[in-house]
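Descriptive structure summary
The chain contents come next:
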Number of protein chains: 2
Amino acid sequence: MDIAARRKADPAHWGLATAIRALAMDAVEAANSGHPGMPMGMADVATVLFRDHLKFDAAAPNWFNRDRFVLSAGHGSMLIYALLHLTGYEQMSLDQIRNFRQWGAITAGHPEYGHVEGVETTTGPLGQGIATAVGMAIAEEAMRAQFGADLCSHKTWVIAGDGCLMEGISQEAIALAGHQKLGNLIVLWDDNDITIDGRVSLSDSTDQAKRFQASGWRTLACDGHDPADIARALADAASGADGRPVLVACKTVIGYGAPKKQDTSGAHGSPLGAEEIAAVRAAYGWEHGPFVVPEDILAEWRAIGARGRAEREAWAARVDAAPNRDEFARRISGVPSDRLGPTIAALKEQALASKPKVATRKASEMVLEVVNPELPETIGGSADLTGSNNTRTKDLGVFDPQNRKGRYINYGIREHGMAAAMNGIWLHGGLRPYGGTFMCFTDYARGAMRLSALMGLPVVYVMTHDSIGLGEDGPTHQPVEHLAMLRATPNTLTFRPCDLIETAEAWEIALSSETTPSVLALSRQNLPTLRETAGENLTAKGAYVLREASKKAPEVILMATGSEVEIAVAAREALEAKGIPTRVVSVPSMELFRDQPESYRRQVLPKGPVRVAIEAAVRQPWDWLLLGEGGKEKKAGFIGMTGFGASAPAPALYKAFGITAEAAVDEARRLLG
Amino acid sequence: MDIAARRKADPAHWGLATAIRALAMDAVEAANSGHPGMPMGMADVATVLFRDHLKFDAAAPNWFNRDRFVLSAGHGSMLIYALLHLTGYEQMSLDQIRNFRQWGAITAGHPEYGHVEGVETTTGPLGQGIATAVGMAIAEEAMRAQFGADLCSHKTWVIAGDGCLMEGISQEAIALAGHQKLGNLIVLWDDNDITIDGRVSLSDSTDQAKRFQASGWRTLACDGHDPADIARALADAASGADGRPVLVACKTVIGYGAPKKQDTSGAHGSPLGAEEIAAVRAAYGWEHGPFVVPEDILAEWRAIGARGRAEREAWAARVDAAPNRDEFARRISGVPSDRLGPTIAALKEQALASKPKVATRKASEMVLEVVNPELPETIGGSADLTGSNNTRTKDLGVFDPQNRKGRYINYGIREHGMAAAMNGIWLHGGLRPYGGTFMCFTDYARGAMRLSALMGLPVVYVMTHDSIGLGEDGPTHQPVEHLAMLRATPNTLTFRPCDLIETAEAWEIALSSETTPSVLALSRQNLPTLRETAGENLTAKGAYVLREASKKAPEVILMATGSEVEIAVAAREALEAKGIPTRVVSVPSMELFRDQPESYRRQVLPKGPVRVAIEAAVRQPWDWLLLGEGGKEKKAGFIGMTGFGASAPAPALYKAFGITAEAAVDEARRLLG
């Protein structure tokens, strides 16, 4: 059916959808930058979705029980911006659309969570949206189980492109979703046969429907430009007939209606140009100037935007009437239970009394054993390393289709999918996710971990086996550069605690955070309790004096983190025995130390003494503490790694790589001259 | 069929396979560390593969035309170590097996390329093996097309576990392999239903055969403990009947024969224990002590190890007789064409004469346009950003099933799969791969990029759009921490050239490297030619004086990389105009500067002057150049990023984030006091 026939067949739909298309191409043209083709291709599908199915109220973007809508193909950002404007989200004025991709506008190149209401998650890095949506759908199931369908019951809709489906993370996501039978998750695939380099057939021959079926999905298809056919497919998808997640392959034409560029990669990522836009307007029969939406069409869209109001008010009334409404309100606010502080404090006191010698991964488990029963909002998991990450506590139960009240997720061997799902769980609201893997596999999860930081989501990464201290598994499993990577990443708290007390403190900070993800770098090997106080959360200061020099003025300051603090303490003993006053500074979080007032930093690291840092990793993040903060090159040394590790028992490795108390003593003495 | 019946049914096979099993469980027991279950489960399959199919000669591990064997499930390292020992690889003595996972042994916890002959690639991070094997199979097709089947014609065999297939990278790999119709690639899936956390059904329900079929694979299945059934399936797979890659699902029992632990995750990752081992020996009817292989069985295995000798000699004779044998020898040696140097030199001279103002991504294309015709070993590609990465040159042609002589690979939207495939292409030999994506998506490729570094493979990553300078696409696409990440990674050369001449020099170094991967961080935006000499490769020094102060002794040294060198040069003009002698140091590679003698480093960065570094990224890697190397905290400043970027035109962003010549001038003057 050609465009003229489409217009005639359903003029009401045509007007709604074309308003999206026109805004998209006009905004991209004005910005001289952006992606018109995808919004033009998916406008018909999005129109039917928003008109008939999506549960939302434009006047209350953060209504908890709304359907979630994720634009996984984030480059098509003008699709969502147009929808937000048309349906009446207050923030999304026409001026914002006009200022697409300009400094200060909320209409960023790719949709950014927190930047604009109505954007549920930041997308752009392909595949992240679909994988994050899996987390949202998990959270919906969990919250429904915990609070009942009256308070939580909605769908999660995703628009994904070929790029999303080619990225490996999509396989992790769809396999997890299929296994978990997330029947309220619906993916609308923009099946347009085009990628940036040309036709999909240049690089892919995958039968996507068969692939999704193989992972336990139901699959449907529709003509993505026929509103009746779209309506049929979406109604079928939304029926949730058999509990499986649903893929709807929407056959579309990228840049639909652009005479020269449609159905080519030329419509993907650059403005159409004035001439082509004029031709599109003619083809569409759209006789309105740039950014002009006729009043009748706008009114129809605004009515769609208000469609969910009654349902929202009914929900609010149910919440008001619910006996557990206060706890529900707390849960969706993200504020942790006030039981957190006392629980951590009690554990620290116990630790101080019993001084256990345990791996910090075990210490983390000890924290979770007391915290999880007090914080019903936690939802844990591991990428198939439960017994190694020590992430599962006795009370949790396993979250699966038979037990949606379970609070432990077997994510499978899917680090990237896990990280993205955790983002989605937090974004959904009501739950606080943490998940574990080996720290080296930060590499696999990086794409989603960066989005945790960029979006400001306080998810917790439990990264065990954090150095050569893991021993025999060898260099493929031994992080050396990962602490530097994490510390270089903005808005990320990297903790490397040295004992149970610091581990408990790190967890307290992580679980109290509202806008920053935390990474806990935890040892495989046992470590003694080194802290001698339990009151104040000293980890919150980032670095602090763990052992003071025997005389008031230290001649040497040893800095260390995690498993190397024990080495620093031993080196101090040896130096003190030689009459050299030596201070040990534990540095559980460089980020938090950087945030301290200069007076405190100067107190911990006074000018003058020799400084030696000890960490079984590369030196890069240490230079500012060794050479800056009043440090001097001639008086600074580093005991750590300069290359990759090796396979051998941990003690042999520490000796072979020279990360020992003796080496620290020698370095300090050399620097003292 | 129970074990006793298996033994009786085919005692010859039983003896061969059980020698593997016994060595594996004994070595893990001696190390008190390791993974016995997988070798015990896959010993039957591996025995049939090595006995009947794998083309190799244990006396010549690096024979170019051998079949490649990749143990993607790298934790089962004792499987390959046992096979190497039994078939007679000289390095793999019984002592090495006895010293499994010990310091100094070649029998590392996971198989490491370069550490031991016969290990084709480092595995352990799951999914990497299968994805790397795709690269090997691509290289085989390409070399066969370029040199003929007489010189290159072999298969690539992979053993992969459930973990490999759950990782997202596996989807990128199998989709690429299916699309490319890599009919000589055969994956043997250890279908044992067990992962570390328990049964696969805890976390996955994927129909793997259907999934592989959806990506264009042929699938077979066999009883992985029935030698006749395995032989049938492997013969079918090896027939290469229809040009599709082949998956063989081998139904196995993890820890086969261990009465208490078989078919449980208890057999996966820890020693069986003395009692269980005794019970296994009884069940196997294996009356030999630890590490003892009866002479008749060893002799059979050694005969298998020598089976390929005649074929290897015939191949060597064909090579000797080939008219292009010298070029073939050069190609498989990895030494670049001696045309590289003169070609780069000529381009630099032209650049010096014409001083083009081009983006360094375009500069990179200009380099490739002259280099690719001279270096037939290059094989380029992009993860669907060809026009943005500027990676495809006119002469290359597209590598696909219809044109195996093509030298450009459309990798699809698969950054991780591309990086792993590049590793495999280099490991195979004969080709020098490069591939492009946006620098921010380093995040997606990290897992394989780390293996490039760990294995020492000189692949080239063309990472364009390297800062906020990409503009409107916004923070999801703007790297800020990635330079720090790359510089923190051992054995990785990170180049950020400032103009065409530096770009050409970086490419010259990258294409000459034999043991180090290179990352080229390239701008989207145009940059002027700043270099005033073209002779010596100054990039090879890592940092050098680009503009000298007007007086002999500079009072200010401005350091910068890439697109910020232009800003440094402008700041120098302004400072000089104010009578402040200012030097500009370009720092295209921190790693190479670190390797220079101290005298040179001191010459470039003398003590005394104020130092200001300018880079549109985080400061972390700069501290050593600002505060070390004779620098002083009170005289050092940094102009760069402290958080994520934003969406706006690039000039607006540089201004908003204060990365300007004015800011550099102000900082220098502030530091001068």
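Residues numbered from 1 in each chain as written. Chains lettered and ligands numbered in written order. Predicted model: local features only at pLDDT ≥ 70, side-chain atom pairs only at ≥ 80, totals over all residues. Heavy atoms only, no water.

1. Re the overall build of chain A
Scanning chain A from terminus to terminus reveals 27 helices and 20 strands. Relative to the compact-globule value of 26 Å for 673 residues, chain A shows a C-alpha radius of gyration of 28 Å, a close match. C-alpha atoms of chain A, sized along the principal axes, occupy 95 × 55 × 45 Å. Looking at chain A residue by residue over its 673 residues, the buried ones come to 69%. (Helix = DSSP H or I, 4+ residues; strand = E, 2+ residues; numbered from the N terminus. Rg over C-alpha atoms; globule rule 2.2 N^0.38 Å. Buried < 20%, exposed > 50% of the residue type's maximum accessible area, 1.4 Å probe, protein only.)

2. Here we look at the UniProt feature "site: Important for catalytic activity" (unreviewed entry) in chain A
Residue and element names in this part refer to chain A. Cross-referencing UniProt, the feature "site: Important for catalytic activity" (unreviewed entry) maps to H35 and H268 in the present numbering. These annotated residues cover 234 residues of sequence, and their C-alpha atoms lie no more than 5.4 Å from one another, placing them together at a single site. With respect to the helices and strands, H35 occurs in the loop between α2 (11–31) and α3 (37–53). Looking at H35, the relative accessible area reads 10%, which means it is buried. (UniProt positions renumbered as here; feature names shortened; annotations may be inferred.)

3. Things to note about the interface of chain B and chain A
Counting residues at the interface gives 99 residues for chain B, matched by 99 residues for chain A. Between chain B and chain A, roughly 7,900 Å² of surface is buried when both sides are summed, and carbon and sulfur atoms account for 55% of that area. For chain B, the biggest contributors to the area lost against chain A are W103, Y444 and R450 of chain B; these three give 9% of the whole. A salt bridge links R414 of chain B to D204 of chain A; the shortest N-O distance between them is 2.7 Å. Connecting chain B to chain A are 54 residue pairs in polar contact (both at pLDDT 80 or more). (Contact = heavy atoms within 4.5 Å. Buried area = accessible area lost by both parts, 1.4 Å probe. Salt bridge = Lys/Arg side-chain N within 4 Å of Asp/Glu carboxyl O. Polar contact = N/O pair within 3.5 Å; in protein donor to acceptor, adjacent residues only side chain to side chain.)

4. Some details on the side chain of E140 of chain A
All names here are of chain A. Its place among the elements puts E140 in helix α6 (residues 128–147). Of the polar contacts made by the side chain of E140, one reaches the backbone nitrogen of H154; its length is 2.9 Å. Sequence-distant contacts of E140, that is, excluding residues within four places in its chain, are made with C152, S153, H154, N184 and H428.

5. What to know about the pairing of strand β9 (residues 378–382) of chain A
Residue and element names in this part refer to chain A. The buried fraction of β9 is high, at 5 of 5 residues. Neither face of β9 is left uncovered, since the one carrying T378, G380 and S382 and the one carrying I379 and G381 both have all their residues buried. Bridge analysis of β9 against strand β11 (residues 432–438) gives 3 bridges, and the strand direction is parallel. Within the sheet, the bridge partner assigned to T378 lies in β11 and is R432. Of the pairings in the sheet, the one linking β9 to strand β10 (residues 408–410) comprises 3 bridges and is parallel in character. Counterpart to G381 in the pairing with β10 is I409. (Pairing = 2+ DSSP bridges.)

6. Here's the deal with the state of the cysteines
Think of a disulfide as a covalent bridge from one cysteine sulfur atom to another cysteine sulfur atom. Evaluated as defined, the whole model comprises 0 disulfides over all chains. Left without a disulfide partner, C440 of chain A is nearest to the cysteine sulfur of C164 of chain B, which lies 16 Å away. Cysteine C222 of chain B is unpaired, with the sulfur of C250 of chain B as its nearest cysteine sulfur at 3.9 Å. (Disulfide = S-S within 2.5 Å.)

7. Let's talk about the domain arrangement of chain A
One frequently used descriptor of interface size is the decrease in accessible area upon assembly of the parts. When the domains of chain A are assigned, the result is domain 1 (3–313), domain 2 (339–528) and domain 3 (542–672). Its C-alpha centre places domain 1 of chain A at a distance of 53 Å from the equivalent point of domain 3 of chain A. (Domains from an automatic or database assignment.)

8. A short note on helix α21 (residues 500–512) of chain A
Residue and element names in this part refer to chain A. Relative to the 18 Å expected for 13 residues at 1.5 Å per residue, α21 spans 18 Å between its end C-alpha atoms, a close match to the ideal helical length. Taken across its 13 residues, α21 has 12 buried, putting it largely inside the fold. By the burial criterion, the buried members of α21 are L500, I501, E502, T503, A504, E505, A506, W507, E508, I509, A510 and L511. One side-chain oxygen of the residue at the start of α21 lies 3.1 Å from the amide nitrogen of I501, identifying that residue as D499. (Expected span 1.5 Å × (residues − 1).)

9. Notes on the packing of aromatic side chains
All names here are of chain A. All told, the structure shown has 32 aromatic pairs over all chains when counted by the stated rule. Taking 6.2 Å as the distance between ring centres and 40 degrees as the angle between the ring planes, the aromatic pair formed by F593 and W624 counts as tilted. With a gap of 31 residues between them, F593 in helix α23 (residues 590–594) and W624 in helix α25 (residues 623–626) connect regions that are remote in the sequence. The class for F593 is buried, based on a relative accessible area of 0%. The class for W624 is buried, based on a relative accessible area of 7%. Aromatic ring contacts, followed pair by pair, group W63, F64, F147, W315 and F328 into a single cluster. (Phe/Tyr/Trp six-rings, centres within 6.5 Å; stacked < 30°, edge-to-face > 60°.)

10. A short note on the relation of the copies chain B and chain A
In the superposition of chain B on chain A (RMSD 0.0 Å, axial shift 0.0 Å), the rotation amounts to 180 degrees. Within this description, the copies of the chain are treated as partners about a two-fold rotation axis. Among all C-alpha atoms of chain B, that of G168 of chain B lies closest to the rotation axis, at 1.9 Å. Taken as a fraction of all interface residues of chain B, those also at the interface in chain A reach 100%, which identifies the copy contact as same-surface. (Least-squares fit on C-alpha atoms with pLDDT ≥ 70 in both.)

11. Points about unusual backbone geometry
In this structure, R101 of chain A takes a positive phi of about 70 degrees despite not being glycine. Secondary-structure assignment places R101 of chain A in the loop between α5 (94–98) and α6. Classification of R101 of chain A by relative accessible area gives buried; the value is 2%. Here D193 of chain B, not a glycine, exhibits a phi torsion of approximately 70 degrees, which is positive. Residue position: D193 of chain B is located in the loop between β3 (185–191) and β4 (194–195).

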